[in-house]
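Each chain is listed here by its residues.
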Amino acid sequence: MARQEILERLADSHEAQIKKTLENLEADIISGISKATNEDNILTTKISIDLRKDLKQYMEQYRIDTDTLVRDYDQIVNSFMEEFGQLNIPDKFKSLTEVDLLTINQLKFQSFSGFEEIANRYLTEISANVYQNAIAGKPFNEMVKDIRGLITGDVDRRGRSMSTYASQIAHDSVMQFDGQFTVFKAKEAGLDKYKYTGTLVRDSRPHCRTHVGRTYTEEQIRAIWQGSWAGKSEGDPFIVRGGYRCRHTWIPIVEVEEDVIPEEPEEKGINKSSLKNKIKEKDIKVLPNTVVGNELQKQISKNAKDKRYPYDDGRETFPSRFNADNIGQIIGIEKLDDKTATELLVIMQELDDLAVLYNVPKLRSININGRMGAIMSMGDGNLKINYKYFNKNNPAEDIEVMRGTGYYENEVQLANKFKLGDAVSKERKTIKSTWVRPHNAFYYEDNEFDRMRSILYHEFAHQVHQMTRLKFTKELYGYSWNVPIEFKLSKLRTKGKGASRYSDKNTKEWFAENFSLYHMGKLDLVDKRFIDFLESEVMQWVLF
């Protein structure tokens, strides 16, 4: 039987066995209490104290059963060594040494300690509960409810029961033992590459769906696992994996293999787009967001290796100017509906083309969340997206910019009427006259997909002015960045010159709004001074 099958079988069977053990424990305790009640069906305080010895004896069977479960871990060791022995490694690592056996015993003891801790905790709680009920003179049937709540559990009434905790530990201990022993043997053999493997089920976490089948170095794994996701448990990524009750594990490999993603492959040519040949909304084939996440992760992982990026690993030579969390990762793709996620995948291809055109690094992370007020933001190649502005399956969201509903219909009307120069003509000098412009450049687009494309182009414009010929020096009193495009922009006076009100915010937003219009083909709306600036100050660096 393959190692993964053995792991899943043991995890499932151990979980079932521990639940059965606790059902028996509950029955024994209730039976013992029943026999100890007086003729009025009441438990006296003296008898409740005497019952503690019996409760310990009942719990002893739980300890015996959990010890049996831990002894099963030898099956994990045997299946691992069988696979490990097939790797192209020196023969001395293909058999168990005395040190290995000591490590195995220590790991087993550690697992048993987890079960033991639960036994001690709940024995104390059950004893206290029985004594308190005796003092209160509770009827037998009320005491039974409390005991069942503690052991096998009325979760809504009592919180997490002993069965809930123990069954989770029974499952996770199998997988964690495997993870600890795996990394121990891999390090012993000098291996540094691991593949994330396991079975995908209906409720597999998006994080696991993104990474299963992929191969990473230990350094990459530890960087990726710094992120956050639903159900994550704190600890070493080789031990906690995707989180509580995760069915996935790591296998060491000698050479980096091709990524094998357990999803249907995308048809050749489907959803391919480029800056020169942009795909239209009607031609997009919608993919599951899990598939999109896999594809984007490949793209981002590759992009993040660009040596032109600032370092963010503690080296003083080149720190980031912005918050650079989650580098090399896609976070929160599950928060986008399938259509929006697919549209993002399509446009990301075009953003890579823009990076080549302007000789700047490609984007290196995407963080999708609903916590920020902005539609999107960009800093050192790290893109953040507020999913609330895009999802089509969230009609209850307060803000629905991309649908052109409510107040935003006025912005679309303004965009339809606006002609470049309207807001800056000599005849119109009042502030109110500038409101013939829409707030954002994306309102000039007549469909939701192109509006999303326009916003992403806007954000990529920030990548251009942030990263073009970026230089860093460490001086006597701190760090210094030389950002030539931003320095040149700061010398411009752009207020009232752009086709959107947002372009008045500052010169960087003026640049981004015009950049978006320019690459969306809205040349009649682009400020002429932007084209002059692009040609004279930006494009001069492209060939270097």
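Since this is a predicted model, take the numbers as computed values, not measurements.

Quick word on the overall build of the protein chain
From N to C terminus, the protein chain includes 17 helices and 9 strands. Of all 544 residues assigned to the protein chain, the portion counted as buried reaches 50%. Intrachain contacts of the protein chain at a sequence separation of at least 6 include 70% that bridge at least 24 residues. Here the protein chain displays about 26800 Å² of accessible surface, and carbon together with sulfur accounts for 50% of that area.

Considerations on the sheet that holds strand E4 (residues 330-331)
In space, the 4 strands of this open sheet follow the order E4-E5-E7-E6, with mixed pairing throughout. In the strand order of this sheet, the two ends are held by E4 and strand E6 (376-379), each with one partner. Here 2 bridges tie E4 to strand E5 (residues 365-369), and the two strands are oriented parallel to one another. Of the residues in E5, the one forming a bridge with Ile330 is Ile366. Sitting on the sheet, helix H14 (residues 448-467) is in contact with E6 and strand E7 (382-386), with an inclination near 20° to E6.

A short note on the confidence of the model for the protein chain
Chain-level statistics for the protein chain give a pLDDT mean of 80 and a share of 80% at 70 or above. At the level of individual helices and strands, the protein chain shows its lowest average pLDDT in helix H6 (residues 155-158), which scores 43, and its highest in helix H16 (residues 507-519), which scores 93. Every residue in residues 312-317 is under pLDDT 50, and counting partners more than four places away or in other chains gives 9 contacts. This stretch, residues 394-407, has a pLDDT under 50; its non-local contacts, to residues over four places away or in other chains, come to 31 contacts.

Quick word on the pairing of strand E1 (residues 193-198)
Bridging between E1 and strand E2 (residues 215-217) involves 3 bridges; their strand directions are antiparallel. Of the residues in E2, the one forming a bridge with Lys195 is Thr215. As paired elements, E1 and strand E3 (residues 248-253) share 6 bridges and run antiparallel to each other. Across the sheet, the residue bridging to Tyr194 is Pro252, located in E3.

So, the pattern of salt bridges
Applying the stated criterion across every chain, the model contains 28 salt bridges. We note a salt bridge from Arg247 to Asp12, for which the minimum N-O separation is 3.3 Å. Separated by 235 residues along the polypeptide, Arg247 in the loop between helix H10 (237-240) and E3 and Asp12 in helix H1 (residues 3-36) bring together distant segments of the chain. Accessibility expressed as a relative area gives 36% for Asp12, which makes it partly exposed. Across the pair Glu125 and Arg121 runs a salt bridge whose closest N-O atoms are separated by 3.3 Å. With Glu125 and Arg121 both in helix H4 (residues 98-136), this residue pair falls 4 residues apart, about one helical turn. With relative accessibility at 39%, the residue Arg121 sits in the partly exposed group. Beyond isolated ion pairs, a larger network of salt bridges with shared partners links Lys187, Glu218, Arg222 and Asp236.

About the cut-offs
Residues numbered from 1 in each chain as written. Predicted model: local features only at pLDDT ≥ 70, side-chain atom pairs only at ≥ 80, totals over all residues. Heavy atoms only, no water. Helix = DSSP H or I, 4+ residues; strand = E, 2+ residues; numbered from the N terminus. Buried < 20%, exposed > 50% of the residue type's maximum accessible area, 1.4 Å probe, protein only. Contact = heavy atoms within 4.5 Å. Areas by Shrake-Rupley, 256 points an atom, 1.4 Å probe, with all protein chains shown as cover. Pairing = 2+ DSSP bridges. Axes fitted to C-alpha atoms, helices over the stretch in contact; angles between N-to-C directions. pLDDT = per-residue confidence, 0-100. Salt bridge = Lys/Arg side-chain N within 4 Å of Asp/Glu carboxyl O.

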